[in-house]
Structures are given as C-alpha cells and as structure tokens.
Amino acid sequence: MGRRLRRGQGKVKALNDLFIVLFGVVIILCFIVSFRLINIQSVIMLLIFNALFISLSFQLNGAFNVKLCLLASGNVIGFCWNFIFYSFATKGTLFFGKTFGILYTVFSPFLCSIWIVAFWSLSLTVLHREGTK
Amino acid sequence: MAYLVRHYIFTITVLRRANRNIKPAALEDSTFEPTVTLLIPAHNEEKVIGRLLQRITELTYPKDKLQVIVINDASSDQTGAIADNYRNKYPYIELLNRDKSNGGKGKASAMNDGFSKSTGEIVLCFDADYYPQKDIVEKLVGEFIDPEVGAVQGRVVVLNEPQNIITRLVALERIGGYRVDQEARDNLGLMVQFGGTVGGFRSSLLKDLHGWDEAVLAEDTDLTFRIYLAGYRIPYNIDAECYEEAVDNWKAYRQQRYRWAKGHMQCFFKHSWNVLKSKNLNVKEKIDGLLMLNVYFIPILALFSMFIGLYLILLGSQLIDTLWFFIPISVYCSVGNFAPFFEVGVGVYLDGRKRAQWLIPLLIFTFFYNIPICLKAFCDVTASKIMRRKRNVWVKTVHSGSGNCYIAN
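Quick caveat, the model's predicted, so the values are computed rather than measured.

J.: Is there a simple way to think about the overall build of chain A in this case?
T.: Assigned secondary structure in chain A consists of four helices and zero strands. Moving toward the C terminus, one meets the helices and strands of chain A in the order α-α-α-α. For a compact globule of 133 residues, the expected C-alpha radius of gyration is about 14 Å, and chain A comes in at 19 Å, more than 25% above that figure. Across its three principal axes, chain A shows a C-alpha extent of roughly 70 × 40 × 20 Å. For chain A, the proportion of its 133 residues judged to be buried stands at 23%.

J.: Can you walk me through the nonpolar core in this structure?
T.: Judged by nonpolar contacts, the single largest core of 119 residues is most densely connected at L38(B), L39(B), I40(B), L52(B), V70(B) and L124(B). Setting aside chain neighbours within four positions, we find V70(B) in contact with I40(B), A42(B), A83(B), I93(B), L95(B) and L96(B).

J.: I would appreciate a short explanation of the sheet that holds strand β5 (residues 130-132) of chain B in the present structure.
T.: Think of a sheet as strands paired side by side through backbone hydrogen bonds, with each pair either parallel or antiparallel. All names here are of chain B. In spatial order, the strands read β3-β2-β1-β4-β7-β6-β8-β5; together these eight strands make up an open sheet with mixed pairing. One side of each edge strand has no neighbouring strand; the edge strands of this open sheet are β3 (93-98) and β5. For this sheet, the mean inter-axis angle between neighbouring strands, taken without regard to orientation, is 30 degrees. Bridging between strand β1 (residues 36-42) and strand β4 (residues 122-125) involves four bridges; their strand directions are parallel. Note on β4: the bridge partner recorded for L39 is C125. Across the face of the sheet, helix α3 (residues 79-89) comes into contact with β1, β2 (66-73) and β3 while running at roughly 155 degrees to β3.

J.: Is there a simple way to think about the environment of G62(A) in this case?
T.: Residue and element names in this part refer to chain A. Within the secondary structure, G62 is located in the loop between α2 (40-57) and α3 (64-96). Measuring from C-alpha to C-alpha, the distance between G62 and I114 comes to 24 Å, with 52 residues separating the pair along the chain. When sequence neighbours within four positions are dropped, the list of residues in contact with G62 reads K67, V126 and L127.

J.: So what exactly am I meant to see when it comes to the packing of helix α1 (residues 2-37) of chain A against α3(A) here?
T.: Relative placement of two packed helices is described by the angle separating their axes and the distance separating the axes. All names here are of chain A. Running from N to C, α1 and α3 point in directions that differ by 20 degrees, and their axes come no closer than 9 Å. With respect to α3, the element α1 is oriented roughly parallel. At the point where α1 passes α3, the crossing takes the left-handed sense. Contact residues: N16, F19, I20, F23, V26, I27, C30, V33, S34 and L37 in α1; N65, L68, C69, L71, A72, N75, V76, F79, N82 and F83 in α3. Tallied by class, residues from the contact of α1 with α3 come to 15 nonpolar, five polar and no charged.

J.: Please clarify how the pairing of strand β7 (residues 199-202) of chain B should be interpreted in this entry.
T.: Consecutive side chains of a regular strand alternate in pointing toward one face of the sheet and then the other. Residues and elements named next belong to chain B. Summarising the sheet, β4 and β7 pair through four bridges and their orientation is antiparallel. Each residue of the ladder has a partner; that of L124, found in β7, is G200. Sheet topology note: the strand β6 (residues 151-158)/β7 ladder contains three bridges and is antiparallel. Bridge pairing in β7 places A151 opposite F201.

J.: What's the story with the packing of helix α6 (residues 165-188) of chain B against helix α13 (residues 341-350) of chain B in this structure? I'm lost.
T.: Residue and element names in this part refer to chain B. Their axes nearest at 8 Å, the elements α6 and α13 cross at an angle of 80 degrees. By the criterion of interaxial angle, the relationship of α6 to α13 is roughly perpendicular. Residue-level contacts link L172, I175, G176, R179 and V180 of α6 to E343, V344, V346, G347, V348 and L350 of α13. Partitioned by chemical class, the residues of the contact of α6 with α13 number seven nonpolar, two polar and two charged.

J.: Explain the environment of L209(B) here, please?
T.: All names here are of chain B. For L209, the location among the structural elements is in the loop between α7 (203-208) and α8 (219-229). We classify L209 as partly exposed; it has 18 C-beta atoms within 10 Å. With 145 residues separating them along the chain, L209 and K354 place their C-alpha atoms 44 Å apart. Residues within four places of L209 in sequence aside, it is in contact with R226 and A230.

The rules behind each value
The residue numbering used here restarts from 1 in each chain and proceeds along that chain's sequence as written. All chains are assigned letters beginning with A, and all ligands numbers beginning with 1, in the order in which they are written. In view of the model being predicted, local features appear only for residues whose pLDDT reaches at least 70, and side-chain atom pairs are presented and counted only at 80 or more, with totals across whole chains, interfaces and linings using the full set of residues. We count a stretch as a helix when DSSP gives it H or I for four or more residues in a row; a strand needs E for two or more, and each element gets its number in order from the N terminus. For the radius of gyration, the atom set is restricted to C-alpha positions; the globular benchmark scales as 2.2 Å times the number of residues to the power 0.38. Neighbour density around each residue's C-beta defines its exposure: 20 or more other C-beta atoms within 10 Å make it buried, 12 or fewer make it exposed, and counts between make it partly exposed, where C-beta atoms are placed from the backbone. Put simply, a nonpolar core is a cluster of buried Ala, Val, Leu, Ile, Met, Phe, Trp, Tyr and Cys residues tied together by C-beta atoms within 7 Å. Residues are scored as being in contact if the C-beta atoms we place from backbone atoms lie within 7 Å. Two strands pair under a simple rule: DSSP has to find at least two bridges between them. Where helices are involved, their axes are fitted lines through C-alpha atoms of the stretch in contact, as for all axes, and angles between N-to-C directions lie from 0 to 180°. Note on terminology: angles under 35 degrees are roughly parallel, angles over 145 are roughly antiparallel, angles of 65 to 115 are roughly perpendicular, and the others are oblique. Rotating anticlockwise by less than a right angle from the far helix to the near helix defines a left-handed crossing, while the corresponding clockwise rotation defines a right-handed one. Three categories are distinguished: nonpolar for Ala, Val, Leu, Ile, Met, Phe, Trp, Tyr, Cys and Pro, charged for Asp, Glu, Lys and Arg, and polar for the others, with Gly belonging to the last.

What follows is the structure in structure tokens.
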C-alpha cells in the first residue's frame with residue numbers, strides 16, 4: 001500500500017516537473033517568436049508583463065503550478081495580441097500610407113497596456129484570498 | 001521612475017507584511033479616555049447629515065467625554081433644522097450656525113470657527129457624508145497615548161460603490177490609497193497623509209499651529225506638512241474604518257479633483273523648501289514628502305513627454321519608436337491615476353475582493369481625465385502667483401444621499 005502511494009506521489013511529482021518545463025518552454029518560445037516575427041517592442045511588452053507578474057503575483061495565494069500556468073497563458077495571449085495588431089498595422093500601412101503607421105506607433109503602448117493590466121487583474125481573481133470585505 | 005519605484009516599494013511592503021501576518025502593535029489602554037470634540041462641517045448636506053448624526057448617537061465612546069459640534073456653514077436647505085433636532089435631543093451635540101456674511105467660505109474657515117468652540121483634548125473631523133464605525137473614536141483616540149503623535153488618520157471606504165461606474169472607479173482609487181499607500185507609509189515610517197476627515201489632532205498642537213490655513217484649498221495636506229515639520233508624526237489606523245459617499249458623476253469628480261490638484265500645488269509652493277531644510281524630518285521622509293507634494297504635476301509632465309515623443313516620431317527616428325514605447329507605459333505604470341494599477345490590484349486582493357479588480361484597466365480613462373484637470377489647476381495656481389491673488393473659490397462636492405440605501409438597518 002505504502003509503495004503504491006509513494007509510486008503515485010512520484011508520478012504526480014514527475015508530472016508537475018514536466019508541466020513546469022513545458023510552461024517554461026512556452027514562455028521562452030513566446031519571446032523568441034515575438035522577436036523573430038513581430039518586433040522588439042513586443043518583446044519589451046512581454047518583459048514588462050513577466051517582470052510584473054513574477055514579482056507580484058508569485059507572492060499571492062495559490063499553487064506554484066497555477067501561477068506558472070497563468071504566466072505562460074499571459075505570454076501566449078500577449079504574443080497573439082501583439083501579432084494580430086502588428087499584422088493589422090502592417091496591412092494598414094500598406095493601404096493607408098505612413099500616417100497609419102505613425103498612429104499605430106502612438107497608440108500601441110496603450111493597446112498593449114490593456115492586455116497586460118486586464119490579464120493581471122483577472123489573474124487576481126484566480127489567486128484571490130479570503131477576506132472580510 | 002521615482003514614483004514607479006515608490007509605489008512598487010509600497011506594494012511589496014504591504015504584501016509581505018500581509019503574507020507574514022504582521023499586525024500593528026495594539027495600543028490598548030482602557031483607562032485612556034481623553035475628552036474628544038467631533039467637528040462636522042456641513043454646507044447644504046440635508047440628504048446626509050441626519051444619517052451621520054444618528055450614527056454619532058450610536059458611538060460607543062462615553063458620551064460625557066464627547067462634544068459634537070455641527071458647523072452649519074451658511075446652508076440654504078434643511079441642514080440646520082435637522083442638526084437642531086438632534087441638538088434638542090442629545091446634550092452633547094451642539095450646533096454652530098454661520099450665516100451668509102461669514103460662512104460659505106470653504107471647509108478650513110468653517111473648521112476654524114468650530115475649533116474655537118471646542119473643549120476636547122482631541123479634535124476629530126468627519127465630513128457630513130461619512131458613516132463611521134461605532135467604535136471609531138476609541139480606535140482613533142488610542143493612538144494619542146504616544147506623545148509624539150500629533151494627528152491620526154483612519155481608513156476611508158466607499159459606501160456607494162455599486163451605484164455606477166464612477167463610484168466603482170473611485171472605490172478602486174480609494175483602495176489603492178488607503179489599503180496600500182497609507183498603510184505602507186505607516187509601516188515604512190514615511191509621511192502618512194491626513195485626509196481631512198476620518199482623523200483628528202491633538203487640540204494643543206492644533207492651537208499652536210493656529211488651526212487650518214484658509215488660504216490653501218488642500219487644507220488637509222497643508223496640516224499634514226505643518227504637523228510633520230513641527231516634529232510630530234501621524235499614525236495610520238487601518239482598522240478605524242469610515243464609509244464615504246463618493247462622487248457619482250463626472251462633473252463632481254472633476255470639481256473635486258481640481259480642488260485637490262490646486263490645493264496640492266499651493267502646498268508645493270508653500271512647503272517644498274521647508275521640507276528640504278527641516279531638521280525634524282529624516283531623509284526618507286523628505287523624499288516621500290516631496291514626492292507627495294509633486295504628485296499633481298506628474299500628469300502635466302506626462303502630457304509634455306508624450307508630445308515630445310510624438311514630435312520625435314514624426315521626425316522619423318527608429319530609436320524614438322522604441323523610446324516612445326516606454327513613455328506612456330512607464331507613465332501609466334508609475335502613476336496611473338495617482339496609484340498605479342498594480343497597487344490598486346494588490347489592495348483589492350488584500351481586501352479579499354473577487355471581482356472588483358476587473359475594472360482596473362478602466363482606470364486609464366480617469367488618468368486621461370486627470371491630465372486636463374491638473375493642467376487647468378496648474379495654470380490657475382501660476383496665474384494667481386503672478387497676480388498675487390490669494391482668494392480661493394471653494395466648490396463644494398454635492399452629496400445626493402445615494403449611499404443611504406447601502407446602510408443596513
């Protein structure tokens with residue numbers, strides 16, 4: 001019985017480790033692909049998001065795996081967001097000219113801050129703690 | 001960047017203390033029951049004054065040590081009649097009527113008038129739209145056991161939060177300010193800001209400081225600095241909660257913020273040099289004090305930096321493209337709406353709220369809304385400095401009594 005329990009615990013631990021590696025790979029891939037397919041600004045955004053999330057959210061309630069999963073999801077969402085808007089801007093600049101590109105440059109930091117703040121805020125719900133309010 | 005670092009330190013400090021479950025040392029001495037005067041300035045507050053006075057009668061502090069002065073500041077509605085009704089029923093409630101010739105000149109003027117009639121060793125202030133906890137006097141007064149304490153500040157919580165999107169956003173700002181900012185300042189030994197209400201002073205100190213300065217719109221910030229410069233400190237008691245009726249429309253929001261911005265800028269000109277050369281403040285208090293005095297200049301600087309960035313983009317520099325990216329993001333991260341989003345988020349988390357934080361991204365709109373407000377305040381302060389004008393127009397925040405329905409009977 002004890003041996004079976006230990007074997008089960010070992011399996012869970014191995015699975016946990018596998019997930020940690022998987023999430024780590026996803027995050028690294030998001031950075032590489034952002035740099036190759038989009039631009040340096042998108043990498044900066046991902047860096048800001050990761051710095052904020054790791055330094056603050058990892059101190060909140062919740063399992064380490066859940067936080068890592070949220071971090072990886074945030075990176076994927078950030079990559080998709082940046083990719084969609086970058087493709088939109090590229091096509092827009094082709095059709096409407098340079099002015100469109102400038103407008104995109106002006107507004108893109110605010111557009112990016114929307115997903116960072118929104119995702120971070122939503123993640124607080126997952127990691128919420130019991131309170132009195 | 002200084003603001004980003006400051007708010008980040010505040011957030012981490014409060015979060016770590018909460019994780020370690022560190023609670024402030026209790027100042028419990030049941031024998032310490034000084035005489036207390038409650039000052040309640042009221043100008044056309046008929047919709048809320050009855051609610052507060054009823055609550056005052058329910059306070060647990062010994063009534064023989066309590067003096068309540070309602071300052072009816074040239075009201076043209078039923079405020080005076082409602083207060084008079086309570087005065088007739090309860091001997092510790094007094095009514096001070098100010099007519100139109102000497103009243104209606106702003107909160108500082110009304111408070112000075114009320115203070116001249118006070119007899120308590122401690123003076124506490126409550127705005128008419130507030131709704132305190134029953135044992136709030138004990139909680140606030142307990143801090144004065146320490147002779148170094150000159151004033152005390154309690155926590156403000158928004159009463160009418162569910163009313164509309166504006167009250168919800170104001171509630172988030174309040175959480176950032178009172179759950180994280182003030183708490184961190186208290187923990188780190190920095191300058192806790194007296195917020196003008198839900199707090200009080202040592203009467204003798206207030207007399208020495210000659211009461212409230214009527215020439216400053218942010219009379220609370222002004223007193224904060226005068227107290228610290230006099231060598232006293234202001235503790236923050238997070239357990240002493242009081243519920244306020246937040247502004248519920250954009251016009252009232254604009255008027256309130258304009259008053260705060262202009263008042264803060266007046267305080268900047270009045271106290272900056274005194275803070276720098278003060279021997280009663282240590283280096284970190286001086287840095288925090290200067291950052292506090294400068295906070296309403298930041299949206300203006302942000303606006304200028306964004307314009308400069310935009311101009312450089314139009315010149316076509318690739319490097320500027322990347323730099324431009326940092327300006328708005330760092331501005332939003334640094335100040336947001338005077339409390340960056342991560343600070344508000346952590347405050348909401350610490351309060352154990354599940355969904356309030358979903359509105360945090362919308363705070364960016366209030367940040368943009370604050371830019372023209374602060375710009376106008378700056379122009380007005382500069383103009384009055386040049387023209388040597390000292391008179392201020394006090395635009396009172398109108399309270400509709402919409403918070404009444406959120407009080408459980």
